[in-house]
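Architecture and fold: a report
Read off the chains here:
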Amino acid sequence: MSTELKPNIDWVGHVDWSIRDFHSYETPRGATYNSYLIRDGKTAVIDAVKWEFFDDFARNIAGKVPLEKIDYLVCNHSELDHAGALPLALKAMPNATLLCNAKCAEMLGQYFDTTGWKIKTVADGEKFPLGKRTLQFMHTPMVHWPDSMFTYVPEDGLLFSMDAFGQHLATSARFDDQHDLPELLYEAQVYYANIVVPYNKQVRLTLQKAGLLDIRMIAPSHGLIWRSHIPDILAKYAAWSSGTLKKRALIVFDTMWHSTEIMAGEILRGVVDAAPDVDARSMYVRKTPATRIATDMLEASAVALGSATLNMQMMPQMAAVLNYVKGLKFAPKHAFAFGSCGWAAAGVEQMDCWIDDAGWSRVHEPIKAKYRPTAEVLARCFEAGRQLGLKARASEPEA
Ligand code: FEO
């Protein structure tokens, strides 16, 4: 496995092949926690790893330079997938000073007893010479947390971008041109839709700021390093952060005795009938991870929400998905609610209220079926699907 980004700059992180749940984010392909070593007049490590992977991280560094020779440990972000190993690392690197911004120092002090840590806080734009190379710090608040920052090495055009441009993908490759590009961009989209999207505005500001830099390599804290496809990932981030939508309609539903599922099928038929060029997808929430639903929803322009009523509530997994989606603050969709019930259609009414709360626009009044959808109800589902499809078709901007 090649770990050299540039002469004397190496990847020293950890590949987590086994993780399948990253704080509820489904990771079927694992993850990496990237850390980088810069050997210059002074020696610096950029970010650490989860605490449980400290041994591997330390071994990777020690393969290049003794730990006591580390002068600086940069913490770009205090979340524990990167900062968790800091207490062990600073103990093992007795001569290291921690470089981070003031907000990060404050947050680290709330996670750990930082008494005795040598911490130097760095300002936005501050330059820090290592020898032939320079570290230049760029604060990027809320991409992903208030403390987040990038570290840039101008001599190499190398941007350590922390969570931004990352992907959860365990692989023995380290660079974008060593992996299938569509799959890599898809994993970057999964990451964006589940981690980054609530901070679209801050991403746009960060892209403007970063646009002033000469960027020849982007080394994120997760996944592969961008060196051959930088324009591709920057274009994706520009589109995702500006809420660009596609001709995509989702039917997201849960069902009890198949009635809501039958309605979902008829809505899908309506979408395809009215707008065969629309990408129509049906997602049964108890068989589709929320991570995947969110990924498909990121660029969807139209969404039908379906649920049976259980104990005067929408079905529990549908409620969980909508709770999750609400926090992600996607660009508004065209939407409507549907579902079956016995004696009260509380689930459908809750979803209809959710559409208002989310600020989405209602395409059709809620459609309710008592026990089994009648032919008349199914005809309404078909027609509502047609309207959903036509809205989805009209939503994509002209190329
Ligand atoms: Fe990879 Fe926000 O931590």
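That block above? That's the structure.
Attention here is on the structure that accompanies the text. Predicted model, so just to flag it, every value in this text is computed and none were measured.

What follows covers the overall build of the protein chain. When helices and strands are tallied, the protein chain shows twelve helices and 24 strands. For the protein chain, the spread of C-alpha atoms along the three principal axes comes to 75 × 45 × 35 Å. Burial status across the protein chain gives 58% buried among its 399 residues. Summed over all atoms, the accessible surface of the protein chain reaches about 16000 Å², with 53% contributed by carbon and sulfur. For the protein chain, the distance from the average position of its 42 positive side-chain charges to the average position of its 46 negative side-chain charges is 1 Å.

Attention now goes to the environment of Arg 227. Following the sequence through the fold, Arg 227 ends up in the loop between β16 (217-220) and α7 (230-241). In this structure, the C-alpha to C-alpha distance between Arg 227 and Asp 177, residues 50 residues apart in sequence, is 7.5 Å. Once residues lying within four places of it in the same chain are set aside, the contact partners of Arg 227 are Phe 175, Asp 176, Asp 177, Gln 178, Arg 216 and Met 217.

By way of backbone hydrogen bonds, the strands of a sheet pair with one another, either parallel or antiparallel. Ordered in space as β12-β13-β14-β15-β16, the five strands form an open sheet in which the pairing is mixed. At either end of the open sheet lies a strand with only one pairing partner, and these are β12 (127-129) and β16. Averaged over all pairs of adjacent strands, the angle between their axes in this sheet comes to 25 degrees, without regard to strand direction. Here three bridges tie strand β14 (residues 149-153) to strand β15 (residues 158-162), and the two strands are oriented antiparallel to one another. Residue Val 153 lies in a different strand from β15, and its bridge partner there is Leu 158.

The rules behind the values
Starting from 1, residues in each chain are numbered consecutively following that chain's sequence as written. Two thresholds apply to this predicted model, a pLDDT of at least 70 for residue-level local features and 80 or more for giving and counting side-chain atom pairs, whereas whole-chain, interface and lining totals are computed over all residues. The side-chain values count all of the structure's non-hydrogen atoms but skip hydrogen atoms and water molecules. Strands here are runs of E lasting at least two residues and helices are runs of H or I lasting at least four, both read from the DSSP assignment and numbered beginning at the N terminus. The classification of residues rests on relative accessible area computed with a 1.4 Å probe and restricted to protein chains. Under 20% of the type maximum is buried, over 50% is exposed, and intermediate values are partly exposed. Every accessible area reported is derived by Shrake-Rupley at a probe size of 1.4 Å, with residue values counting cover from the shown protein chains alone. In summary, the charge assignment counts Lys and Arg as positive and Asp and Glu as negative, without counting His or the chain termini. The atoms used to mark charge sites are NZ of Lys, CZ of Arg, CG of Asp and CD of Glu. Contacts are residue-level and defined by heavy atoms, with any inter-residue pair within 4.5 Å sufficient. DSSP bridges decide pairing: two strands pair if at least two such bridges lie between them. To get an axis, a line is fitted to the C-alpha atoms, and for a helix only the part in contact is used. The angle between two axes follows their N-to-C directions and goes from 0 to 180 degrees.

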